[in-house]
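# Structural description and commentary
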Amino acid sequence: MTTEDYQNGQIILIDKPLQWTSFQAVNKMKYALINKAGLPKKFKIGHAGTLDPLATGLLIVCTGKFTKRITEIQSQVKEYTGTFHIGATTPSYDLETEINQNFPISHIDEVLIQEAVKQFLGEIDQKPPIYSAIKKDGIRLYEHARAGESIEIAFRKTTIYEFEITRIALPEIDFRVVCSKGTYIRSLAFDFGKALNSGAHLTALRRTKIGEYDVKNALDVTVFEESLLENKS
């Protein structure tokens, strides 16, 4: 692809690695495009939908004129797969923080699990995790959390279109979820634990689809960089 192609607009599918922020992935791509493809330093690039550092999977990156499509793309339905750990909670609802409470799981069987799933299908009220980037009074929630402040968080409407349990090996439960924009899978883990009369937190998360875009067609950031060198040679 030429410099002009990227400036006119491209949609690039990236498979974000574990522990990387979405910003780091986009920044690495921008640096590569400037230094290896000759794009100007001020060219436009951005991503359509943030992934947490502890999540992997599909990150859609838009360049040039296609950055205008970011809002449209990130509003599409998303698919995730992952793992809930049943019987314990954490303040962040995932592995970012340590376990703060343990719960019994001996009463949990497949029947109870499948009944709990039904509670989350359709439009639901969901409370975002306090360890999130949502702002309250101009300050991001995770900043309040790390300062040890207690904050009242409002419920939000979200929609779960599909919720499938793919493996049960307590204390682990694997799942696949298809949901609307703004759904927090960490909050789903926490609420699912309560629905089981226990507790739960998220231990693995992978975004597999956004609309018709599939992670199967995504590139590793390093492979993307190498492709720039090949095109230039």
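Coordinates for the structure precede this section.
For the structure given in this document, a descriptive report is provided here. Sequence positions are assigned chain by chain, starting from 1 and proceeding in written order. Local features are withheld for residues below a pLDDT of 70 in this predicted model, meaning they are given only at 70 or higher, and side-chain atom pairs are given and counted only at 80 or more; totals for whole chains, interfaces and linings count all residues. Note that the side-chain values use all heavy atoms of the structure and ignore hydrogens as well as water.

### Re the pairing of strand β10 (residues 156-169)
Applicable threshold: Here the rule is simple: two strands pair whenever DSSP picks up at least two bridges between them. Numbering of helices and strands starts at the N terminus; helices are DSSP runs of H or I of at least 4 residues and strands are runs of E of at least 2.
Sheet topology note: the strand β7 (residues 122-126)/β10 ladder contains 5 bridges and is antiparallel. In the sheet register, Gly 122 faces β10, and the bridge partner there is Ile 160. Direction of pairing for β10 relative to strand β11 (residues 172-179): antiparallel, over a ladder of 8 bridges. Along β11, the bridge assignment pairs Ile 165 with Phe 175. In sequence, β10 turns back onto β11 through a hairpin of 2 residues.

### A closer look at the pattern of salt bridges
Keep this limit in mind: What counts as a salt bridge is simple: a side-chain nitrogen of Lys or Arg found within 4 Å of a carboxyl oxygen of Asp or Glu. Categorising residues by exposure relies on relative accessible area from a 1.4 Å probe, with only protein chains included: less than 20% of the type maximum marks a residue as buried, more than 50% marks it as exposed, and the intermediate range marks it as partly exposed.
The tally for this structure, following the rule as stated, stands at 12 salt bridges. The shortest N-O distance in the salt bridge between Arg 206 and Asp 15 comes to 2.7 Å. With Arg 206 in strand β12 (residues 200-210) and Asp 15 in strand β1 (residues 10-16), this pair connects stretches of sequence that are 191 residues apart. Judged by its relative accessible area of 21%, Asp 15 falls in the partly exposed class. When the shortest N-O distance is used, the salt bridge between Asp 52 and Arg 186 registers 3.3 Å. Remark: Arg 186 occurs in helix α6 (residues 185-195) and Asp 52 occurs in the loop between β2 (45-47) and β3 (55-63); sequence separation between them is 134 residues. Taken together, the shared-partner salt bridges in this structure form one network comprising Glu 79, Glu 162, Glu 164 and Arg 176.

### Remarks on a nonpolar patch on the surface
Counted only if it meets this: To count toward a patch, a residue needs a relative accessible area above 30% and no salt bridge. Like charges then connect within 9 Å, nonpolar side chains (Val, Leu, Ile, Met, Phe, Trp, Tyr) within 5 Å. Using a 1.4 Å probe, accessible areas were evaluated by the Shrake-Rupley method; residue-level cover was limited to the displayed protein chains.
Taken together, Leu 18, Leu 54 and Leu 95 make up a surface patch of nonpolar side chains, about 260 Å² in accessible area. Considering the arrangement of structural elements, one finds Leu 95 in the loop between β5 (88-89) and β6 (101-102).

### Quick look at the packing of aromatic side chains
So the rule is basically this: Any two rings among Phe, Tyr and Trp, with Trp reduced to its six-membered ring, count as a pair given centres within 6.5 Å; such a pair is stacked if its planes are under 30 degrees apart, edge-to-face if over 60, and tilted if neither. Remark: a charge is flagged as sitting over a ring if the NZ atom of Lys or the CZ atom of Arg is within 6 Å of the ring centre and within 35 degrees of the ring normal.
Under the defined criterion, the tally for this structure stands at 6 aromatic pairs. Pairing Tyr 93 with Phe 190 gives two aromatic rings, centres 4.3 Å apart and planes at 10°, and the pair type is stacked. Placement of Tyr 93 in the loop between β5 and β6 and of Phe 190 in helix α6 is noted, with a sequence separation of 97 residues between them. Residue classification places Tyr 93 among the buried positions, given a relative accessible area of 15%. Members of the aromatic cluster, each reached through a chain of ring pairs, are Phe 84, Phe 120, Phe 163, Phe 175 and Phe 192. The ring of Phe 66 is capped by Arg 69, whose NZ or CZ atom sits 5.4 Å from the centre of that ring.

### With respect to the side chain of Thr 83
Here is the rule: Nitrogen and oxygen atoms within 3.5 Å of one another constitute a polar contact, given that in protein one can donate a hydrogen and the other can accept it, and given that sequence-neighbouring residues count only through two side-chain atoms. Two residues qualify as a contact provided that any one of their heavy atoms is within 4.5 Å of a heavy atom in the partner residue.
Position of Thr 83 relative to the elements: it lies in strand β4 (residues 78-86). A distance of 2.8 Å separates a polar atom in the side chain of Thr 83 from a polar atom in the side chain of Asp 174. Not counting residues up to four positions away in its chain, the partners in contact with Thr 83 are Glu 172, Ile 173, Asp 174, Phe 175, His 201, Leu 202, Thr 203 and Ala 204.

### Concerning unusual backbone geometry
Cis geometry is adopted by the peptide bond preceding Pro 171, which originates at Leu 170 and carries an omega value of 15°. One can find Pro 171 in the loop between β10 and β11. Despite not being glycine, Gln 19 has its phi angle at roughly 80°, a positive value. The topology assignment puts Gln 19 in the loop between β1 and α2 (22-36). A relative accessible area of 52% means that Gln 19 is categorised as exposed. The backbone of Asn 197 shows a phi angle near 55°, a positive value even though the residue is not glycine. On the basis of relative accessible area, Asn 197 is assigned to the exposed category, the value being 58%.

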